[in-house]
Amino acid sequence: MVALEGYRFIREGKDWIDFSEKMKWNRNWIIISSWSGNPVIADISKVETPIYYDYVGGEFSPKLLVDSLEKFDYFLSVWLDKHEDRYYKSGEYQSNFYELMEKEWKIKLNNEEIKNICEFLPIAKSKENFAPIEQRIREKVKKYYVYLDAPGENKSKVILAVKKETGLSFDEIRNRLNSNGFLIAEGYGENILVLADYFISLGAKVRTEQK
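Definitions and limits used
- Residues numbered from 1 in each chain as written.
- Predicted model: local features only at pLDDT ≥ 70, side-chain atom pairs only at ≥ 80, totals over all residues.
- Heavy atoms only, no water.
- Buried < 20%, exposed > 50% of the residue type's maximum accessible area, 1.4 Å probe, protein only.
- Helix = DSSP H or I, 4+ residues; strand = E, 2+ residues; numbered from the N terminus.
- Arc of directions from axis to C-beta.
- Contact = heavy atoms within 4.5 Å.
- Salt bridge = Lys/Arg side-chain N within 4 Å of Asp/Glu carboxyl O.

Okay, helix H6 (residues 170-177) next. A turn of α-helix holds 3.6 residues, and therefore any two residues three or four places apart point the same way. Where H6 is concerned, the buried positions are Phe 170, Ile 173 and Leu 177. On an axial view of H6, the arc spanned by its buried residues comes to 60°, and they lie on one face. Considering only its buried residues, H6 is in contact with strand S1 (9-12), strand S10 (144-150), helix H5 (155-166) and strand S11 (182-187).

Here the structure, examined in full by the defined rule, presents ten salt bridges. The salt bridge partner of Glu 104 is Lys 82, with a shortest N-O separation of 2.9 Å. Taken as a pair, Glu 104 in helix H2 (residues 95-105) and Lys 82 in helix H1 (residues 69-82) lie far apart in primary sequence, 22 residues in all. Here Asp 171 makes a salt bridge to Arg 174, at a shortest N to O gap of 3.5 Å. Of the two residues, Asp 171 and Arg 174 both sit in helix H6, three residues apart, roughly one turn of that helix. Given a relative accessible area of 47%, Asp 171 falls into the partly exposed group. Within the structure, one salt-bridge network assembled from shared partners comprises Asp 67, Lys 71 and Glu 113.

What follows is the structure, encoded as structure tokens:
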């Protein structure tokens, strides 16, 4: 229920209300993860458990990632096993390192499935070489900090996105909104700026600092 809060269920006091029809949320859809506030959805009506994705805001119309939970688990296991910050920059991996992952992905996934997941997460192959993150930190590359100053007119959507991004409860988010300097993200990559733009697109007042 907590994972589906804001999608299928709404909590009012101590009670949970099923809003599946109003939210156009299929009762067989389960949230198993999220990326920048956007849900990764498992369809438990089928034995293989196909995995879909969607974007927060508007009506839900999930798109297929892979046709089974086993494939999605395999994709992530390869990625997590081989991921190293020294080969990573702004959502991109150095070409030879990416190809090493791709070689293993193709054991169980087809090209279209790899493309779908890479676009959603996102994961990309760099067209150029770049300095390892440790070197960039030593060279005093500044870190980005994203603060939420006000949720704006679309408060419910913004709060839901913050919950999916930070893992905080709705009560914690509401309390922090009443204080100055609600830090919602930090990091060295440009993905942090993409996340800031996403919240701005929802109508939130966001402040980005570099230190």
